[in-house]
Amino acid sequence: MKPNYGLTIVKDFPIRGVNFIDINGLLNDPACFQAAIDKLCALITEHIPASTLKTAAIITPQARGFLFASPVAYKLGLPLLLVRKKGKIPNKPYSFHITNEYDSYDMELDSDLLARHPHYIYIDDIFATGQTLAGIKEALAKKNKQILLALHITAVAALKGIRSNTPALKGLPTQEVI
């Protein structure tokens, strides 16, 4: 059995019926956090050829994805593109809409930075229904950009059926650390 890396489940948060995976225990344990970052880096180098990696950047949605994607980008020497909620990107924002299991909102990213790379590696903390990933993947596809690999710290097993029935996720390689 894999270690849980300090992850805990908080029932009925942020709304009734949603079980929230709390990553604070992982972040509070330097050895666990380092192991998670090292595993993310290893998954990237195992799945993406070095020649393709040279044309890639990391893409991550706010806010918890930033915590994992930033050290991975640093360790691998890759550019980092942040996906933020509407109103947070000052330079030529490219906006798109996302609906997930308990919310709906507009996201945006810097269109000039997006234009610099044809390939992206997506990193986030939790793979729930996959709607955030699907929304970002579709937004990138409209700009002729491709997500090569989607990485998460962990996935919600009970939502695998929803993820597998999401057309935008078909054929997209995904991996989890835990």
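These figures come from a predicted structure and were not determined experimentally.

*Asks:* Please explain the sheet that holds strand β3 (residues 56-61) as it appears in this structure.
*Replies:* Neighbouring strands of a sheet are bound in pairs by backbone hydrogen bonds; such pairs are parallel or else antiparallel. If you walk across this open sheet you meet the seven strands as β5-β6-β4-β3-β7-β8-β9, and the pairing is mixed. Two strands close off the open sheet at either side, each with one partner strand: β5 (93-99) and β9 (174-176). Strand after strand, the sheet turns through a mean of 25° between neighbouring axes, direction not considered. Two elements, β3 and strand β4 (residues 80-85), share four bridges in a ladder whose sense is parallel. Note on β4: the bridge partner recorded for Thr60 is Leu82. Strands in contact with helix α2 (residues 30-47) are β3, β7 (119-127), β8 (146-155) and β9; relative to β8, the strand with the most contacts, it is inclined by about 150°. Along the sheet, helix α6 (residues 131-141) makes contact with β3, β4, β5, β6 (104-110), β7, β8 and β9, crossing β5 at roughly 145°.

*Asks:* Just to check I follow, could you spell out the nonpolar core for this structure?
*Replies:* The nonpolar side chains of a soluble globular protein tend to be buried with one another. Leu26, Leu40, Ile44, Ile58, Ile121, Ile123 and Ile153 are the most contacted members of the largest nonpolar core, which totals 32 residues. Where this core is concerned, the elements lending two or more residues are α2, β3, α4 (64-76), β7 and β8. Here this core gets seven residues from one element, more than from any other, and that element is α2. Discounting residues that sit within four places of it in the chain, Ile44 has contacts with Leu53, Ile58, Val72, Leu76, Ile121, Ile123, Leu149 and Leu151.

*Asks:* What should I look at first to understand the packing of aromatic side chains in this one?
*Replies:* Pairs of aromatic rings are described using the distance from one ring centre to the other and the angle between the two planes. Under the definition given, this model contains three aromatic pairs. Ring centres 5.1 Å apart and planes at 85° place the aromatic pair Phe13 and Phe20 in the edge-to-face group. Pairing Phe33 with Phe68 gives two aromatic rings, centres 5.9 Å apart and planes at 55°, and the pair type is tilted. Taken together, the residues Phe33 in helix α2 and Phe68 in helix α4 connect sequence positions 35 residues apart. Cation over ring: Lys143 sits above Tyr94, and NZ or CZ is 4.6 Å from the ring centre. Above the face of the Phe127 ring, Arg163 is positioned so that its terminal group lies 4.6 Å from the ring centre.

Parameters and conventions
Throughout this document, residue positions are counted from 1 along each chain, in the order its sequence is written. With the structure being a predicted model, the display of local features is reserved for residues of pLDDT at least 70 and the display and counting of side-chain atom pairs for 80 or more, all residues being used for whole-chain, interface and lining totals. Heavy atoms from the whole structure form the basis of all side-chain values; hydrogens and water molecules are not counted. Paired strands are those between which DSSP finds at least two bridges. The numbering of helices and of strands both runs from the N terminus, where a helix is a DSSP run of H or I of at least 4 residues and a strand a run of E of at least 2. In this description, a line fitted to the C-alpha atoms serves as the axis of each element, helices being fitted only across the stretch in contact, and the angle between N-to-C directions of two axes falls anywhere from 0 to 180 degrees. When checking whether two residues touch, look at their non-hydrogen atoms; a contact exists if any pair is within 4.5 Å. For this analysis, a nonpolar core means a set of buried residues of the types Ala, Val, Leu, Ile, Met, Phe, Trp, Tyr and Cys, connected via side-chain atoms within 4.5 Å. Type-normalised accessible area, obtained with a 1.4 Å probe on protein chains alone, sets the label of each residue: buried when under 20%, exposed when over 50%, and partly exposed for intermediate values. Aromatic contacts are taken between Phe, Tyr and Trp rings whose centres are within 6.5 Å, Trp giving its six-membered ring; a plane angle under 30 degrees counts as stacked, one over 60 as edge-to-face, and the others as tilted. Note on geometry: a ring has a charge over it if NZ (lysine) or CZ (arginine) is within 6 Å of the ring centre and within 35 degrees of the ring normal.

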